[in-house]
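These are the residues of each chain, in order.
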Amino acid sequence: MPDNPPDLAARASELRRQGIVGVTIVWADNNGIPRSRTVPIAALEQVAERGVGVTTLLSVFDSHDSITFGHEGLSTPSGDVRLMPVMERLVALRGQPAFAWTIGQHVAADGTPWPYDQRSILARQVEAAAQRGLRFQAGWELEFVLSPADGRPLPTGPAYGPVALLSVDEFAADLLQDLEANGLRIGQLHAEYGPAQFELSLAPADPLRAADEQLLARQTVHAAARAHGLRASFAPLVTTTGVGNGWHLHTSVWRDGRNLLPGTGDHGLSPEGEGYLAGLLRELPALTALTAPSVPSSARLRPGYWSSAYAIWGVQNREAALRYIPGTPLLGADQANVELKPSDASANPYLALAAVIAAGLAGVEEKLSLPAPVQDNPGTWSEEQRAAAGVHRLPATPAEQAAALERSTLLQAALGPAAYGAFRAVRDADRAWAAERSAEEVVEAHLWKY
Ligand code: GLU
Ligand code: MG
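Treat the numbers as computed from the prediction; the structure is a model and nothing was measured. (Residues numbered from 1 in each chain as written. Chains lettered and ligands numbered in written order. Predicted model: local features only at pLDDT ≥ 70, side-chain atom pairs only at ≥ 80, totals over all residues. Heavy atoms only, no water.)

1. Regarding the layout of surface pockets
Then comes step 1: In this model, the largest pocket occupies a volume close to 1100 Å³.
Then comes step 2: Forming the walls of the largest pocket are 46 residues, and the residues nearest its centre are Glu 141, Glu 199, His 250, Arg 323 and Glu 339.
Then comes step 3: For the lining of the largest pocket, the secondary structure elements donating two or more residues are strand 7 (134-148), strand 8 (186-191), strand 9 (197-202), strand 11 (249-255), strand 14 (320-325) and strand 15 (337-340).
Then comes step 4: Of all the elements, strand 7 adds the most residues to the lining of the largest pocket, at six residues.
Then comes step 5: When the residues that make up the lining of the largest pocket are grouped by side-chain class, the tally is 16 nonpolar, 19 polar and eleven charged. (1 Å grid on protein atoms, 1.4 Å probe; cavity = no way out; pocket = protein on both sides within 12 Å on 5 of 7 lines; lining within 4 Å. Points joined across faces, edges and corners; volume = space filled by probe spheres on them. Helix = DSSP H or I, 4+ residues; strand = E, 2+ residues; numbered from the N terminus. Nonpolar A, V, L, I, M, F, W, Y, C, P; charged D, E, K, R; others polar.)

2. Remarks on the packing of helix 11 (residues 398-407) against helix 13 (residues 417-435)
Two quantities define a packed helix pair, namely the angle between the axes and the distance from one axis to the other.
Then comes step 1: Relative to each other, helix 11 and helix 13 sit at 165 degrees, their axes nearing to 10 Å. If you check the angle between helix 11 and helix 13, you find them roughly antiparallel. Considering how the two elements wind past one another, helix 11 and helix 13 form a crossing that is left-handed. Residues Pro 398, Ala 399, Ala 402, Leu 405 and Glu 406 of helix 11 touch helix 13, and the partners they reach there are Tyr 420, Phe 423, Arg 424 and Arg 431. (Axes fitted to C-alpha atoms, helices over the stretch in contact; angles between N-to-C directions. Parallel < 35°, antiparallel > 145°, perpendicular 65-115°, else oblique. Left-handed = near helix turned anticlockwise from the far one by under 90°. Contact = heavy atoms within 4.5 Å.)

3. Considering the packing of aromatic side chains
Then comes step 1: Applying the stated criterion to the full structure yields eight aromatic pairs.
Then comes step 2: Each ring, one from Trp 114 and one from Tyr 116, has its centre 4.9 Å from the other, and the planes form 50 degrees; the classification is tilted. Neither Trp 114 nor Tyr 116 differs from the other in exposure class; each is buried.
Then comes step 3: Clustering of aromatic rings is evident, with ring pairs tying together Phe 144, Phe 171, Phe 198, Phe 234 and Trp 247. (Phe/Tyr/Trp six-rings, centres within 6.5 Å; stacked < 30°, edge-to-face > 60°. Buried < 20%, exposed > 50% of the residue type's maximum accessible area, 1.4 Å probe, protein only.)

4. A few points about the site of ligand 1
Then comes step 1: Neighbouring ligand 1 are Glu 143, Glu 192, Glu 199, Val 243, Gly 244, Gly 246, His 248, Arg 300, Tyr 305, Trp 306, Ser 307 and Lys 341.
Then comes step 2: Considered on its own, ligand 1 offers 300 Å² of accessible surface; in the complex 94% of this is hidden by protein.
Then comes step 3: In this structure the site holding ligand 1 corresponds to the largest pocket. (Near = heavy atom within 4 Å. Areas by Shrake-Rupley, 256 points an atom, 1.4 Å probe, with all protein chains shown as cover. Sits in = over half its atoms within 2 Å of the grid points.)

5. Some thoughts on the nonpolar core
Then comes step 1: Grouped together as the largest cluster of nonpolar side chains are 95 residues, with contacts concentrated most on Phe 144, Leu 146, Phe 171 and Tyr 276.
Then comes step 2: Apart from residues lying up to four places away in sequence, Tyr 276 is in contact with Phe 136, Thr 251, Val 253, Leu 261, Val 338, Val 356, Gly 360, Gly 363 and Val 364.
Then comes step 3: With 31 residues, the next largest nonpolar core counts Leu 15, Ala 48, Phe 61 and Leu 90 among its residues. (Core = buried A, V, L, I, M, F, W, Y, C linked by side-chain atoms within 4.5 Å.)

6. Quick notes on the coordination of the magnesium ion (ligand 2)
Then comes step 1: Here the magnesium ion (ligand 2) is held by the protein donor atoms Glu 143 (OE), Glu 192 (OE) and Glu 199 (OE), which lie 1.9 to 2.3 Å from it.
Then comes step 2: The exposure class of Glu 143 is buried, given its relative accessible area of 7%.
Then comes step 3: Given the relative accessible area of 10%, Glu 192 is considered buried. (Donors = N, O, S within 2.8 Å, 3.2 Å for Na, K, Ca; no water.)

7. Considerations on the pairing of strand 15
Then comes step 1: Because side chains alternate across strand 15, one face comprises the buried residues Asn 337 and Glu 339, and the other comprises Val 338 and Leu 340, equally buried.
Then comes step 2: Relative to strand 15, strand 11 is paired through three bridges, and the arrangement is antiparallel. In the strand pairing of strand 15, His 250 is matched with Glu 339.
Then comes step 3: Across four bridges, strand 14 lies against strand 15 in antiparallel orientation. (Pairing = 2+ DSSP bridges.)

Next comes the structure, spelled out in structure tokens:
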């Protein structure tokens, strides 16, 4: 259970003096959708001790707010758990001045661990890594498309240009101030490739903080957009054929304060760093089922979009599912990391990172080695060339993803049987929902969920 800071009463009265009336406690469900409960500031101390009651069934809500009763452990309307605020993450929101925000973690009604709680699943992987002397840093890039609430089309492009950013100048200025005031550090903000598409990259942090901050960043972007008559879509696709929103996940692995990705071996990887990447590569099909899990997610993964489509690794290759970014003399060894491209906002950030760590740790333990990197776009090759090079497509449909995850005993073990069962039931429900609908309807239905 999260520890409460001793000065809680003082903190609550300070927030009240700032004009804060409510505290919103947020978690991410199995669809990557943020869910929340808001409590009055007067209740903060009590809620910090005892949490608030929520239904167990939020673990089996699908992407369309239907409850699937298809998972045996959660197949009746009976049951309640406690949502505990993680008080060390409490922050007064600059963009929503009447509210404070924090992350929530679920425990069983009696206060004992609840196996469906995704944040605890990530904490377990972090702990398993720590026992082996390994530590991780992680950070997401968030791509999003802005649309005006009043229907006026936003001027778009040129891609990566200051004029595109100027079209949302007041939003961008507020966003930067809000992010900083909310305690979020970012690398950069820019106009992306797609129409009215923008991106910000979150600074690396330890895994739990990185996942918590990813959720806070979403709320911060949504609030700034709303303040300027805009809406932000974080959906993997905003049209069936255009550029998608990737939420690429960067990670690095460390031992004794040293980044293990740079080294003296081939491609600049240390042996343990190579094991980490090789572990990710081996598990990529199943990993994608957790890091890009919605129905539109797999449709985003097409060659030629820098979203990745094939289960390959490459050095600075923007078509590779695993893009290794080596350290350089200019940046230093600490900057080395690997970017996972088949990753988007529909992933639960805790499950996604837990799966990445589990896959990578296994690669380190088993001392796996990598094939030669692919430095090209295999989408431009013939079937024969791909077959000769052993290059396989990532799962291209939700059914292929489900089959890949079903084969991965490693990732199932990382989640545990309860959480895996709920996750699988939700994906089955999403797939059944989409089977009766056109690609356009599916994309449209996911636009504003994340
Ligand atoms: N929008 C691309 C995607 O779907 C990524 C473009 C980029 O590399 O920044 O992942
Ligand atoms: Mg980008």
